[in-house]
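# Tertiary structure, described
Here is what each chain is made of, one letter per residue.
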Amino acid sequence: MPEYEFVDVYVPRGVSRKETTRLLTDHAEYGHWELYRLSLMRDGSRRVRLRRRIIRQVRATW
């Protein structure tokens, strides 16, 4: 079963959809995050949860 780490990003209501897309694209491209959940609040703000897989190194034994 893969393990993931999560980060929550809050986008205020004054930020345009285009700016939000750019922000999330930067997170995905440079931080290897993927979109897990996006919640649009009643006031127009967005709560975004991103996740990325944790890769554990297996220790080599000789």
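Higher on the page you've got the structure.
Here goes a summary of the coordinates provided. Going along each chain's sequence as written, the residues are numbered from 1 onward. At least 70 in pLDDT is required for a residue's local features to be given in this predicted model, at least 80 for side-chain atom pairs to be given and counted, and no such filter applies to totals for whole chains, interfaces and linings, which use all residues. As a rule here, side-chain values come from all non-hydrogen atoms in the structure, and water together with hydrogens is ignored.

### Details of the packing of aromatic side chains
The criterion, for reference: Aromatic contacts are taken between Phe, Tyr and Trp rings whose centres are within 6.5 Å, Trp giving its six-membered ring; a plane angle under 30 degrees counts as stacked, one over 60 as edge-to-face, and the others as tilted. Each helix corresponds to a stretch of at least 4 residues labelled H or I by DSSP, and each strand to a stretch of at least 2 residues labelled E; elements are numbered beginning at the N terminus. Here, a charge over a ring is recorded when the distance from Lys NZ or Arg CZ to the ring centre is within 6 Å and its angle to the ring normal is within 35 degrees.
This structure, assessed with the given rule, holds one aromatic pair. Here Phe6 and Tyr36 contribute two aromatic rings whose centre-to-centre distance is 5.2 Å and whose plane-to-plane angle is 65°, an arrangement assigned as edge-to-face. Within this pair, whereas Phe6 is found in strand β1 (residues 3–11), its partner Tyr36 is found in strand β2 (residues 34–40), the two being separated by 30 residues in sequence. Looking at Arg51, its charged tip hangs above the ring of Tyr4, at a distance of 4.1 Å from the centre.

### With respect to helix α1 (residues 17–31)
For the record, the criterion: By this rule, a helix spans an expected 1.5 Å times one less than how many residues it contains. Only protein chains enter the accessibility calculation, which uses a 1.4 Å probe; a residue whose area is less than 20% of its type maximum is buried, one above 50% is exposed, and one in between is partly exposed. The directions from the helix axis to the C-beta atoms are what the arc is built from. Here a residue-residue contact requires only that any non-hydrogen atoms of the pair lie within 4.5 Å.
Along its 15 residues, α1 runs 21 Å from first to last C-alpha, staying within 8% of the 21 Å computed at 1.5 Å per residue. When α1 is considered as a whole, its buried residues turn out to be Thr20, Leu24 and Gly31. Angular distribution of buried residues about the axis of α1 spans 70°; they occupy a single face of the element. Within α1, the exposed residues directed more than 90 degrees away from the buried face are Lys18 and Tyr30. Contacts made by the buried residues of α1 are with β1 and β3 (46–54).

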